[in-house]
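# Results of the structural survey
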Amino acid sequence: MKIVGLTGGIGSGKTTVAKMFSELGVPVYIADVEAKKLTNTSKVIRRKLIELLGENAYNKEGLNRTYVADKIFADTDLLRAVNEIIHPKVAVHFKKWAAEQKSTYVIKEAAILFENGGYKNCDLVVLVTAPKAVRIKRVMGRDKASKYEIEQRMDNQWSDEEKMKLADIIIENIDLEATKKNVAEIHNSILKKS
Ligand SMILES: CC(C)(COP(=O)(O)OP(=O)(O)OC[C@H]1O[C@@H](n2cnc3c(N)ncnc32)[C@H](O)[C@@H]1O)[C@@H](O)C(=O)NCCC(=O)NCCS
Ligand SMILES: Nc1ncnc2c1ncn2[C@@H]1O[C@H](COP(=O)(O)OP(=O)(O)OP(=O)(O)O)[C@@H](O)[C@H]1O
């Protein structure tokens, strides 16, 4: 079974694209969603995050996302330390999940697949791109986040130019219908080569 990585910067549309693969019957693993679940279910992660960020890292609902985001996206060392706590656990969880799937290939969607080296465990990497200004507008519409908060996250992610050097396939996600057609073609091509 092949592992196809799917990545892209904040607001590029990778979750939208992941959904299109899912609609074609491909099992999709959304690393961000699973990472969030693990921050609330893993006692080890909880203990380490509290050690690193203080008691406020958690509240009654679980991970205090606003508090954590404010801290880590303004401090590269803290962000790296948080990634080092969470990402190895996600990698183990993904491996287990992938082993249970019965399909020619699976999609692993992750925002920072290149940045954390996760792409090395993929047979193929699909990169979703869109101009920065478009991405900012999309996320402002989706999350009610400020331009500053979005740019802070972008600064902690590689640029599209850097990612393009390592990607196998690039989807420029502007027009949704064109993207859907592109996804269907990529899907057929992966199936044909398998
Ligand atoms: C830091 C947290 C609490 C912020 O939560 P919040 O609801 O504000 O943002 P959300 O999770 O929806 O993320 C929105 C986007 O921010 C960017 N982003 C999130 N985490 C990271 C990261 N570690 N490094 C760079 N960019 C990131 C991504 O583009 C992501 O899609 C949350 O992202 C989290 O729990 N992160 C840990 C899991 C993780 O590392 N996920 C990212 C890739 S697997
Ligand atoms: N081609 C498109 N045209 C218009 N809106 C789009 C397009 N693609 C995605 N969107 C919208 O833009 C927003 C961001 O898309 P999506 O959540 O898929 O991005 P993402 O790359 O997963 O972002 P993040 O890294 O923040 O999780 C969503 O509200 C989505 O509906």
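Computed from a prediction, not measured in an experiment: that's the story for all the values here.

Rules of the game
Residues numbered from 1 in each chain as written. Chains lettered and ligands numbered in written order. Predicted model: local features only at pLDDT ≥ 70, side-chain atom pairs only at ≥ 80, totals over all residues. Near = placed C-beta within 6 Å. Helix = DSSP H or I, 4+ residues; strand = E, 2+ residues; numbered from the N terminus. Nonpolar A, V, L, I, M, F, W, Y, C, P; charged D, E, K, R; others polar. Domains from an automatic or database assignment. Pairing = 2+ DSSP bridges. Axes fitted to C-alpha atoms, helices over the stretch in contact; angles between N-to-C directions. Contact = placed C-beta atoms within 7 Å.

### Quick word on the site of ligand 1
Near ligand 1 there are 20 residues, and of these Ile10, Ala31, Ala35, Ala69 and Ala111 occur at the shortest range. Those elements that provide at least two residues to the shell around ligand 1 are α2 (31–41), α4 (65–72) and α5 (76–99). Counting residues per element, the shell around ligand 1 draws most heavily on α2, which supplies five residues. Class assignment for the residues of the shell around ligand 1 results in 12 nonpolar, four polar and four charged. Composition of the shell around ligand 1 by domain shows at least three residues from each of domain 1 (1–27 + 104–194) and domain 2 (31–100).

### Some details on the sheet that holds strand β1 (residues 2–7)
Pairing is parallel across the open sheet formed by five strands, whose spatial order is β2-β5-β1-β6-β7. With partners counted over all chains shown, the strands left at the sheet margins are β2 (28–30) and β7 (169–172), one partner each. Taken over all neighbouring pairs, the strand axes of this sheet differ in orientation by 20° on average, direction set aside. Relative to strand β5 (residues 105–109), β1 runs parallel, the two being bridged by five bridges. Note on β5: the bridge partner recorded for valine 4 is isoleucine 107. Helix-sheet contacts for α2 involve β2 and β5, and the interaxial angle to β2 is about 55°.

### Examining the pairing of β1
Here β1 runs beside strand β6 (residues 124–129); their pairing, made up of four bridges, is parallel. Bridge pairing links valine 4 to leucine 124 in β6.

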